[in-house]
Amino acid sequence: MSDDVAPELISITIDGTDRSVRPGELLIKAAEDTGTYIPRFCWHPRMQPVGMCRMCLVEVEGPRGVALVPACTTPVGDGMIVHTQSEVAKKAQEDILEFLLINHPLDCPVCDKGGECPLQDQTMSHGPAESRFVEEKRHYEKPIPISDLVLLDRERCILCARCTRFSEEISGDPLIEFQERGNNTQIRTFPDLPFSSYFSGNTVQICPVGALTATAYRFRARPWDLRAVGSTCMHCTAGDSMTVQASQNEILRFLGVDNDATNHGWLSDKCRFGFEYINSPDRLTTPLLRDAEGELREATWSEALQEVADRLGAITEEHGGHAVAALGGARGTNEDAYALAKFMRVALGSNHLDAQMDDGLEPQFLAAVAGRGQISDLERAKTILVWGPDLKEELGTLYLRVRRAAQELGATLIVVHPRATGLDDRATHKFGYQPGTGPDVLRRLAAGLEEFAEARAALNEGPVVAIVGRSGYCESPALAEAVAAFARDLPEATVLPVARRGNVFGALDMGVAPNLLPGRVALGSDGFDGWEVPEHSGKGAAEILTGLTEGSIKSVLLVGADPVRDVPSGSAAAALEAAEFVVAIDLFVTDSVRHADVVFPALTATEKEGMVTNLEGRVQKVNQVVPGPGQARADWSILDDVATAMDRPIHLASAEAIAKEIGSVAPAYRGVTWDLVTWDEPDGVVVPLNGAEVFEYVPVDAKIETRSAPLTLHLARTLYDDGVMMRAGLSLHDLAPGVAAYLSTEDSVAVGVAEGGLISINGHQMTVQIDDSLAPGTLYVPFNQPGGPHLGTDPVIRVKAVR
Amino acid sequence: MTWSPETLERADAIISKYPDRRSALMPMLYLAMREDGYLSEEGMRTVAELIGITPAQVQSVASFYVMYKQEPIGKYLISMCTSISCFLMGADDVLAALEQASGVPAGETDGEIAVEHAECIGACGGAPACLVNYELIEGLSAEKATELVQWLRNGKPETINTDEMQTLFGGRTSFDWAIKEDNAAVGPYPAFPPFGTAAENSPALEPGRGS
Amino acid sequence: MSYPKVITKLMEEHPSDSHTYQRYVASGGYEAAKASLAKTRDELVEIVKDSGLIGRGGALFSTGMKWSFLAPPRPSYLVVNGDESEPGTFKDRQLLERDPHQLIEGIIIAAFANEVHEAFIYIRGEYPKPARRVQQAVDDAYSEGLLGKGIFGTDYDLEVTVHLGAGAYICGEETALLNSLEGKRGEPRLKPPYFPAAKGLYMMPTIVNNVETIANLPHIINHGPEWYKELSACEDTGTFLASVSGHVKKPGNYELPHGITWRELIYDVAGGIRDDNDLKAWIPGGASAPWFVPSLHLDDPITKADCAAAGSMLGSGAIIVMDHTTNVVAAAERLVRFFAEESCGQCTPCREGTTWLDMILQRMLNGGGREVDLDLLHDVSDGISIGLGWPPKQTTICPLGPSAVSAVKSILEHFRDEAEAYARSANQVPVTIGGEG
Ligand SMILES: Cc1cc2nc3c(=O)[nH]c(=O)nc-3n(C[C@H](O)[C@H](O)[C@H](O)COP(=O)(O)O)c2cc1C
Ligand code: SF4
Ligand code: FES
């Protein structure tokens, strides 16, 4: 929802009828919005028009007579008279179609695009009855893999340049290009340099023919036996709208859905192709119970529920509710998270719960920062400050929106990050820095000292959008807050704090945090009266793990949480080992679930219905597309059953009923119902509705200490890693960069190690790779790589070359 | 990067002439050809690095233009014009003679001599005409074309000078050439001093050189 | 018959050293540039407008008018179009090779008039010799203080860079040329919105002028617009450099006034048809132009308006003459092949259509003609250039596609019987043609 004043409409005539359209709008769009579809292949509403395919030719009356113009490159002007069906226009369109078809193979029956192909559709309705082309068609080897994920069939290609423009204009990794010219023009990659873009799947989606296809979908299904349901992507917190397609109860395909609010129709490849885990044979299908030999074995629901009820009952009886904690909740729906918050507080009497894995930021800051912005603020921003994770690695579509703002809309972009980021090529100012010295950098930026002078001046040009987050795990979460504290005083500033895990914002909003209650209410305040809340102060993930290790906390619930992999300090395995009783609700037996005494099989977001909340506080729906495997169930219903079995019922009857309960008891969600966030409105709603006043958290500059050493550690996520969803989906797991230590040439010399040599970091050995984009004194290790060790989160490390 | 320091210096000098780095792309591709004798993949990677774009973008541009040869073509490139004016004046016969004398079909190379048909080379008044390493001969005939090939084969001239060739094999010109040309081509790419591709030579023009 | 010489005067009078700085200056060179630097921009634009100078690159657009459209400088650029690749055209080559300082002086005038501080000379890659001569002249001009910082002792700076193309006819089209100069594929840009005068090189206001156009400037400044107008006894002003090729006795470049007839040009200036053969047809303005035939056009005056009225154009001033021995179907194929090979390939009708036309013509020439082929040739042409008129109603982005149609339209219109013979040629022996005859 934008509060811009709608520009005055102008009036044009298309095929004899008057239309009111926005001035300057492209004719093709204005016509479509007012009911006239002009055929097109190269034009795409999210990319610059190129007018190449010439399919959209129409006649426009002008001072110098009637001109034949492409509707996709012609802006409308007041009084314009357009003919899309005149003899000349129709002839031009028919001729272009004939030209496009002369070299197009007749393999529609075996083409993945068959049934949803614009070229096929056009041909059926307007095409020549038979080809007059008796010459030899162009021949190319078909299809050739241009990456691990994408195949290219050049014979089918109609050279519309959608894919090349996407990779150049939108994603900024121009690895596929037109090669040759004239009749030999073709799309190709450079030899031995595949189309390894994080966003390559979008080109498959926007290809108007079957030239680019995805290995993941190839020959899997014909578009006409697919069932499609609208939903929201849960891989990161951007809240991308998408369509999930399934056939015979198997998920086959995710497609981006265009909306103005979030993803503009794009998805990162992780979101698009990262669904293999859903169909994985390793999914949990029944409850598991640890038997006398210490093995997890299949159990019935009643056995498992009874065991949990008994053990948790006993522990809370003996030690009180605060002897039990919960980790997780960020992978489920808001309804699931609400159930967890209610279960912990009402059934167990504990405030020790955390949706973050000690890898995020202050929960109140994330959930309720004062002056929080929306992604669409980027469209109006004059200046954008990104100080946080490399968005390309962690929040793909937000990354695309920032690129667009800098590149197409001319915003000044300032990026602060220890190493090279995907945005650097579009940044007006890029500042690298050594991990640990962030506070110092902030002070200097705020004061506009020396190299920061220009950037500081740019920050006086509002509207400013500040995207803040944790650049790496060796950085204090307080730094992001300090950056936000600085940024919110800039002219017309909005702040977007970012965290990455699926529905973490929804979970925090539902009170899955030690200091928050449902609806963004601070624990200890009196803003929440939905049910009774324990008195004690809550513990976050780090303290919970310490509590488990030290014995003050006896038991923990892991709800879609893999702390062994995800908690950067590496302290989770020992903590779970020390715990008396561990319950897990999960899709797989993960490294963490291995420590559980009881395991319940859970559902993915494509197997249930519910709400999710993105990083703006935008609430959208996920929808059920397929049934879950075996006896898997939604988190909320498992938790409700456990509560009932403990005789401490929490009264949750259905996801929709929970949504209603949230809408009535959670202040920030007051009035939000499923009816409001139906799939017909993929933009969802941003809470609180109607600007209702709720708790706002004012970020503080906690004046953290700068940490310094000749070499400090930067530990950060990559798009593809060893996360459980990746591990169960082999095609993406293979794309993870792997374990390595990255150093600049200069630092490698100082350490005395060459590229490919071995280095020891805090006692863990790894190979060295040279990366001269690193700030001096920075050692970068990608987090959570297959087989990688935990290095801890202290930027100051022990390093030596291994000989 | 495998370029010689001298070439890299030249590259820097060229890049500095343009307001935008990418504008130096076409000259860089000529430098790459001079380094390797043709435009190699390695050369394109180097250019990509120098310009700051991807190798795919470099190749996209390179493959648009016919003078950037992505395969080794040998020492001499004979580009025979067969566009309209040369065609009207019998260029097809001359091309056939070139192919026959060299044994190399148009579009191919034997590692020493490459023959290709070219579109209009701006010598229509002196048709039929051809280029050897982009140095011009006007007023060619099938007989002279055969001699040209033998001259290249037997004499293996290190450099190619347009006046020398015109004297030996040429005929009618588009206009009075008037002034002798001191520069000569050193390979199958244009001889242009800023690229370091032009050799100064004043050929003897004596009979006996070559055939 | 002798006509006044303007841009070819120096090279004709001093053939052995017209390209040198010494000779150029000794003959009064660079006086016009010096005088121009003392005038205002508006004065200069006005003079050029008054002179009636029209562009010699092919579009024949008023140069003064073009300059007056230039958006306010921020900065702006001047690009000299020396890509000369239109088949039949070889005039710029002579100007570049034989009188490069004339060009540089013109550049100084044009640049100053348009508040330009950076100019580029784009020379086709197949012209290394002209490029060397120009580079030498540029180097000399720099060392003489005529280019660079504070030229002629004024506070006006002007940098000039010689840029070499690499084999692509389409780079002669001004927006493709700008893409090429930016290190991109030489694909024409959309007009609108990318008119060079508003969004040209690096999206800045840019003047693109042909070599010959620029070469005229020193003379217009030296002698005034009135003198220039009177060089031709018709509406078109000044002289033009005609490149005559094909079956004439004396092919070559001829500097001529506008308004003489085709008969005068072909028979007097170029010495008539070889072997005194019959004239069959000629192309009046480079390969892109629809053909003229003696029965209709021989006594037409050579002016922009007369050519247009006859459905063709003077274009780049390239006249390609065909005698009665010419196989016009083969000639048309050769012309169409050129455009198919030189199509940039970005727009559908040109990429697919020109190739298709060439395939049909080749098949006809190789004995595979079919009755339907003439209609098909017509329809395919019609899909590129609706109605086959001139100037074309094009379905393409730039005029290259429709240019390929000119030859097809010409044989269908003037030599239909010969074309029909090929359309019935299935299984006939392939025909070879050409040769000096
Ligand atoms: C396909 C095509 C090829 C062209 N080739 C040339 C060329 O080789 N040289 C040239 O000066 N103009 C050429 N032009 C014209 C240019 O686009 C442009 O009009 C001209 O350079 C402007 O200069 P002028 O106004 O001085 O003529 C070509 C145009 C088209 C459409
Ligand atoms: S008409 Fe031909 S040359 Fe011109 S833009 Fe289209 S494809 Fe390219
Ligand atoms: S949609 Fe307009 S030219 Fe392709």
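Just so you know, these numbers come straight off a predicted model, no measurement behind them. (Residues numbered from 1 in each chain as written. Chains lettered and ligands numbered in written order. Predicted model: local features only at pLDDT ≥ 70, side-chain atom pairs only at ≥ 80, totals over all residues. Heavy atoms only, no water.)

Trainee: Could you give me a rundown of the overall build of chain A, with the residues and numbers involved?
Mentor: Summing up its helical and strand segments, chain A has 23 helices and 36 strands in all. Taken over C-alpha atoms, the radius of gyration comes to 28 Å for chain A, in line with the 28 Å a tight globule of 803 residues would show. For the C-alpha atoms alone, the extent of chain A along its principal axes is close to 90 × 60 × 55 Å. Going through the 803 residues of chain A one by one, you find that 64% of them count as buried. Of the contacts formed within chain A by residues at least 6 apart in sequence, a portion of 71% connects residues at least 24 apart. For chain A, the computed accessible surface area is about 28,800 Å², with 49% contributed by carbon and sulfur atoms. Charge-centre separation for chain A: the mean point of 70 positive side chains lies 3 Å from the mean point of 112 negative side chains. (Helix = DSSP H or I, 4+ residues; strand = E, 2+ residues; numbered from the N terminus. Rg over C-alpha atoms; globule rule 2.2 N^0.38 Å. Buried < 20%, exposed > 50% of the residue type's maximum accessible area, 1.4 Å probe, protein only. Contact = heavy atoms within 4.5 Å. Areas by Shrake-Rupley, 256 points an atom, 1.4 Å probe, with all protein chains shown as cover. Lys, Arg positive; Asp, Glu negative; His and termini not counted. Charge placed at Lys NZ, Arg CZ, Asp CG, Glu CD.)

Trainee: Before we move on, could you go through the overall build of chain C and cite the residues and values that matter?
Mentor: Regarding its fold elements, chain C presents 19 helices and eight strands. Compactness check: chain C gives a C-alpha radius of gyration of 22 Å against a globular reference of 22 Å for 437 residues, within 12% of the reference. A principal-axis box enclosing the C-alpha atoms of chain C has dimensions of 75 × 45 × 35 Å. In chain C, which comprises 437 residues, the share counted as buried stands at 67%. In chain C, the share of contacts with a sequence separation of at least 24, taken over all contacts with a separation of at least 6, comes to 70%. A total accessible area of about 13,600 Å² is found for chain C, and carbon and sulfur atoms account for 52% of it. Positive and negative side-chain charges in chain C, numbering 39 and 58 respectively, have mean positions lying 3 Å apart.

Trainee: Requested: an account of the site of ligand 1, with residues and values cited.
Mentor: All names here are of chain C. Within the structure, ligand 1 sits among 19 residues, and Gly57, Lys66, Asn209, Asn210 and Thr213 are positioned closest to it. At 2.8 Å, a side-chain N or O of Asn209 approaches an oxygen atom of ligand 1. Separating an oxygen atom of ligand 1 from a side-chain N or O atom of Thr213 is a distance of 2.7 Å. In isolation ligand 1 offers 600 Å² of accessible surface; the protein chains occlude 91% of this area. The element best represented in the shell around ligand 1 is strand E4 (residues 206-210), accounting for three residues. Across the shell around ligand 1, the residue classes tally to five nonpolar, eight polar and six charged. (Near = heavy atom within 4 Å. Polar contact = N/O pair within 3.5 Å; in protein donor to acceptor, adjacent residues only side chain to side chain. Nonpolar A, V, L, I, M, F, W, Y, C, P; charged D, E, K, R; others polar.)

Trainee: Report on the site of ligand 2, specifying residues and quantitative values.
Mentor: The immediate surroundings of ligand 2 are formed by 13 residues, with Cys344(C), Gly345(C), Cys347(C), Cys350(C) and Cys398(C) found nearest. By residue class, the composition of the shell around ligand 2 is eight nonpolar, five polar and no charged.

Trainee: Can you tell me about the interface of chain B and chain A, naming the residues and giving the values?
Mentor: With 13 residues of chain B in contact, the opposing surface of chain A contributes 14 residues. Viewed at the interface, chain A and chain B are joined by zero salt bridges. Along the contact surface separating chain B from chain A lie eight residue pairs in polar contact (both at pLDDT 80 or more). Where the side of chain B that touches chain A is concerned, the elements lending two or more residues are helix H3 (41-51) and helix H4 (55-62) of chain B. (Salt bridge = Lys/Arg side-chain N within 4 Å of Asp/Glu carboxyl O.)

Trainee: Describe the packing of aromatic side chains, with residues and values.
Mentor: Scanning all chains against the criterion turns up 36 aromatic pairs over all chains. A centroid spacing of 4.5 Å and a plane angle of 40° characterise the contact between Phe431(A) and Phe452(A), whose relative ring orientation is tilted. Linking Phe431(A) in strand E20 (residues 429-431) with Phe452(A) in the loop between helix H12 (438-447) and helix H13 (453-458), this pair joins segments that are 21 residues apart in sequence. Each member of the pair, Phe431(A) as well as Phe452(A), is classed as buried. Here the aromatic rings of Tyr30(B) and Tyr68(B) are separated by 5.0 Å at their centres, their planes lie at 50°, and the arrangement is tilted. With Tyr30(B) in helix H2 (residues 25-36) and Tyr68(B) in the loop between H4 and strand E1 (76-81), the pair connects residues that are 38 residues apart, well separated along the chain. Accessibility classification places Tyr30(B) together with Tyr68(B) in one group, the buried group. Through successive ring pairs, a cluster of aromatic residues spans Tyr30(B), Phe64(B), Tyr65(B), Tyr68(B), Phe192(B) and Phe195(B). Over the aromatic face of Tyr127(C) sits the side chain of Arg124(C), whose NZ or CZ is 5.3 Å from the ring centroid. Over the face of the ring belonging to Phe415(C) we find Lys280(C), whose NZ or CZ atom lies 5.5 Å from the ring centre. (Phe/Tyr/Trp six-rings, centres within 6.5 Å; stacked < 30°, edge-to-face > 60°. Lys NZ or Arg CZ within 6 Å of the ring centre and 35° of its normal.)

Trainee: For the pattern of salt bridges, give the residues involved together with the corresponding values.
Mentor: Counted according to the given criterion, the structure contains 90 salt bridges over all chains. Between Asp258(A) and Arg46(A) there is a salt bridge; the shortest N-O distance is 2.8 Å. Of this pair, Asp258(A) sits in the loop between strand E13 (250-256) and helix H6 (269-273) while Arg46(A) is found in the loop between helix H1 (27-33) and strand E3 (57-62), placing the two residues 212 residues apart along the sequence. Of the residues examined, Asp258(A) reaches a relative accessible area of 37% and is grouped as partly exposed. Among the ionic pairs, Lys191(C) bridges to Glu173(C), the shortest N-O distance being 3.5 Å. Of this pair, Lys191(C) sits in the loop between helix H9 (174-181) and E4 while Glu173(C) sits in the loop between strand E3 (159-164) and H9, and the two are 18 residues apart along the sequence.

Trainee: Let's hear about empty space enclosed by the protein: which residues, and what values?
Mentor: All names here are of chain A. Summed over the entire model, instances satisfying the criterion amount to 17 cavities of 30 Å³ or more. Approximately 330 Å³ is the volume found for the largest cavity. If you list the elements that add at least two residues to the lining of the largest cavity, you get strand E26 (581-586) and helix H21 (724-727). Considered class by class, the residues forming the lining of the largest cavity number 16 nonpolar, nine polar and four charged. (1 Å grid on protein atoms, 1.4 Å probe; cavity = no way out; pocket = protein on both sides within 12 Å on 5 of 7 lines; lining within 4 Å. Points joined across faces, edges and corners; volume = space filled by probe spheres on them.)

Trainee: Describe the pairing of strand E8 (residues 318-323) of chain C, naming the residues involved and giving the relevant values.
Mentor: All names here are of chain C. Along E8, six of the six residues are buried, which leaves the element largely enclosed by surrounding structure. Neither face of E8 is exposed, since Ala318, Ile320 and Met322 on one face and Ile319, Val321 and Asp323 on the opposite face are all buried. Here strand E5 (residues 239-246) runs beside E8; their pairing, made up of four bridges, is parallel. Along E8, the bridge assignment pairs Ser245 with Ile320. Direction of pairing for strand E7 (residues 279-283) relative to E8: antiparallel, over a ladder of four bridges. (Pairing = 2+ DSSP bridges.)

Trainee: I'd like a description of the packing of helix H7 (residues 100-113) of chain C against helix H8 (residues 128-143) of chain C, backed by residues and values.
Mentor: Residue and element names in this part refer to chain C. Viewed as axis vectors pointing N to C, H7 and H8 meet at an angle of 55°, and their least axial separation amounts to 9 Å. One element, H7, and the other, H8, form an angle in the oblique class. Between H7 and H8 lies a crossing whose hand is right-handed. Contact residues: Pro100, His101 and Ile104 in H7; Arg133, Val134, Ala137, Val138, Asp140 and Ala141 in H8. Considered class by class, the residues forming the contact of H7 with H8 number six nonpolar, one polar and two charged. (Axes fitted to C-alpha atoms, helices over the stretch in contact; angles between N-to-C directions. Parallel < 35°, antiparallel > 145°, perpendicular 65-115°, else oblique. Left-handed = near helix turned anticlockwise from the far one by under 90°.)

Trainee: How would you summarise the sheet that holds strand E5 (residues 81-83) of chain A if you had to cite specific residues and measurements?
Mentor: By way of backbone hydrogen bonds, the strands of a sheet pair with one another, either parallel or antiparallel. Residues and elements named next belong to chain A. Read across the open sheet, the five strands follow the order E2-E1-E5-E3-E4; overall the sheet is mixed. What marks the edges here is a single partner per strand, and that holds for strand E2 (17-21) and strand E4 (65-70). Shown here is a sheet whose adjacent strand axes are inclined to one another by a mean of 35°, direction ignored. Bridging between strand E1 (residues 10-14) and E5 involves two bridges; their strand directions are parallel. What sits directly across from Thr13, in E5, is Ile81.

Trainee: Can you break down the interface of chain B and chain C residue by residue, with the values?
Mentor: Tallying the contact residues gives 58 residues for chain B and 72 residues for chain C. Roughly 5,200 Å² of surface becomes buried between chain B and chain C when both sides are summed, with 59% attributable to carbon and sulfur atoms. The interface formed by chain B and chain C contains six salt bridges. Ionic pairing is found between Arg133(C) and Glu181(B), a salt bridge with its closest N-O pair at 3.2 Å. Summed over the shared surface of chain B and chain C, the result is 29 residue pairs in polar contact (both at pLDDT 80 or more). The set of elements that each furnish at least two residues to the side of chain B that touches chain C consists of H2, H4, helix H5 (84-88), helix H6 (91-102) and strand E5 (135-137) of chain B. (Buried area = accessible area lost by both parts, 1.4 Å probe.)

Trainee: Please provide a residue-by-residue account of the nonpolar core, values included.
Mentor: By size, the foremost hydrophobic cluster in this structure holds 401 residues, and its most contacted members are Phe343(A), Phe600(A) and Trp291(C). The contacts of Phe600(A), once residues within four sequence positions are left out, are Pro287(A), Trp301(A), Ala304(A), Leu305(A), Val308(A), Val583(A), Ala584(A), Ile585(A), Asp586(A), Ile638(A) and Val642(A). (Core = buried A, V, L, I, M, F, W, Y, C linked by side-chain atoms within 4.5 Å.)

Trainee: Before we move on, could you go through a nonpolar patch on the surface and cite the residues and values that matter?
Mentor: On the surface, Phe61(C), Met65(C) and Phe69(C) cluster together into a nonpolar patch covering about 300 Å² of accessible area. Of note, Met65(C) is situated in helix H5 (residues 63-68). (Patch = residues over 30% accessible without salt bridge, like charges linked within 9 Å, V, L, I, M, F, W, Y side chains within 5 Å.)

Trainee: Outline the confidence of the model for chain C, supporting the account with residue identities and numerical values.
Mentor: Residue and element names in this part refer to chain C. Across chain C, the average pLDDT comes to 96, with 97% of residues at or above 70. In this model, residues 429-437 is a region of pLDDT below 50 whose contacts with residues beyond four sequence positions or in other chains number 20 contacts. Both confidence scores are given for the complex: pTM 0.94, ipTM 0.95. (pLDDT = per-residue confidence, 0-100.)

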